[in-house]
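If you want the building blocks of each chain, they are given just below.
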Amino acid sequence: MSKIEDKMAAILGVREEKKLLRKLTIRRGIDFCSNDYLGLGRDPNLHAAVKEEEARAEKILSQTGSFLGSSGSRLLSGNNEYAMDLEREIADFYGTEDALLFNSGYYANMSIVSALPQKEDIVIFDELCHNSTREGLRLGRQSKSISFKHNDIGHVSDILKKYENTTSNIFILVESVYSMEGDISPLRELCDLVKSNKRVGIIVDEAHGTGVYGTHGEGVTHMLGLQSHPSILCVTHTFGKGFGIHGAAVIGSKVLKSYLLNYARPLIYSTSLSLHSLVSIKCAYKAVKECDDRRVHLRKLIHAFRTKISSYSNIDVLASDSPIQAVLVPGNASVMRATNVLQSAGFDVLGIRSPTVPAGTERIRVIIHSHNTFSQIERLCEQISRLFTYNPSL
């Protein structure tokens, strides 16, 4: 190996000693792991709809350009009428002025956070915001980045008071549903807090709310009736979770879209989504509108899990009414031992270690889907109970 590879190997060795080495695996067992909340990623009807729509779209686009890869970024050769029509449909779905497609939710968040704040501006963000947000902050030009205690409106208020006389704009970054906690952001209280301040804009990441919440899966922002609130600057909707496909869109004003087209570097310098991805997004939106029964069933499954797991006095579970449930098993070694036992029993769950979550809050992450059954939920809870009963040191 070269000296460079020797160094990489040494760094990986340290990581492996700490039991933190990541490896690719093939998931097996009953799915309590994936983000496919509504089961659309495995839905044969959606698959068939995508194939049919793709054949129709290919006939149109074959006359004007590429229909396999997009051939370039949106600002070069990678734009087409299908993408522009789709963005209008997405904006109509959410009742906003416009929408802008991105290759992923990660790119969308990183683009927004790195591009919008100017060098004199201030960014306030929840301490549990996703890595994509933090990478955006690292790349951004803001004068200050200040974290607030998770979902703590009082702490946000205290921070805002310190800057009540500022002439700078202030951006507040939150997630509608937090990916490791499963709890929901107090968006209504946050909007009430800043509604009189036109210099404050709230940016909401709906990655884990999209498809699951709202009358037709519009997300938490819609569910709370805040989609037109003047303090909501923009919202990111990710398609790789509740929609079961890939990609993302940022919704907001026409000015916001134009600004991102000019300053969002991950968008400007990336090859745009292929026709297949665009078709999948279009068909997934139609499917999500028709998933009312799945959302109701999902709610019942979550309630069944919460009721069953809370009946065991020796299990510590974070408060959450979302599909994301977290069983606390402090310590990286302990949580991985527990996870391995559950996986060996046929339940595909994930052990979440620090530093992904704060030390002492390591957890088994259980994701509940509409394609799970009440029997599976009951058996999983019973297995978790046995795990703690026979391993009291966990």
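Residues numbered from 1 in each chain as written. Predicted model: local features only at pLDDT ≥ 70, side-chain atom pairs only at ≥ 80, totals over all residues. Heavy atoms only, no water.

### Some points on the packing of aromatic side chains
Here the distance between the centres and the angle between the planes together describe a pair of aromatic rings.
Inference 1: According to the stated counting rule, one finds eight aromatic pairs in the structure shown.
Inference 2: A ring pair is formed by Phe 93 and Tyr 94, whose centres lie 4.9 Å apart and whose planes are at 85 degrees; its orientation type is edge-to-face. Tyr 94 carries the same exposure label as Phe 93, and that label is buried.
Inference 3: Here a set of aromatic residues connected by ring pairs shows up, and it is made of Phe 93, Tyr 94, Phe 239, Phe 243 and Tyr 285. (Phe/Tyr/Trp six-rings, centres within 6.5 Å; stacked < 30°, edge-to-face > 60°. Buried < 20%, exposed > 50% of the residue type's maximum accessible area, 1.4 Å probe, protein only.)

### So, the sheet that holds strand 11 (residues 350–352)
Inference 1: The strand order across the open sheet formed by three strands is 9-12-11, and the pairing between neighbours is antiparallel. Of all the strands in the sheet, just strand 9 (324–328) and strand 11 have a single pairing partner and so form its edges. Direction aside, neighbouring strands of the sheet carry axes that sit 35 degrees apart on average.
Inference 2: Where strand 9 meets strand 12 (residues 363–367), five bridges bridge the pair, whose relative direction is antiparallel. Among the inter-strand pairings, Leu 328 is bridged to a residue of strand 12, identified as Arg 363. (Pairing = 2+ DSSP bridges. Helix = DSSP H or I, 4+ residues; strand = E, 2+ residues; numbered from the N terminus. Axes fitted to C-alpha atoms, helices over the stretch in contact; angles between N-to-C directions.)

### With respect to the pairing of strand 6 (residues 200–205)
Inference 1: For strand 6, the buried fraction is high: six of the six residues fall into the buried class.
Inference 2: Residues of strand 6 alternate between two faces, with Val 200, Ile 202 and Val 204 on one and Gly 201, Ile 203 and Asp 205 on the opposite face, all of them buried.
Inference 3: Bridge analysis of strand 5 (residues 170–175) against strand 6 gives six bridges, and the strand direction is parallel. Pairing of Ile 170 across the sheet is with Val 200, part of strand 6.
Inference 4: Crossover strand 5 to strand 6 through helix 7 (residues 187–194) is right-handed.
Inference 5: In terms of strand pairing, strand 6 meets strand 7 (residues 232–238) through four bridges, oriented parallel. (Right-handed = clockwise from strand over helix to strand, strands pointing away.)

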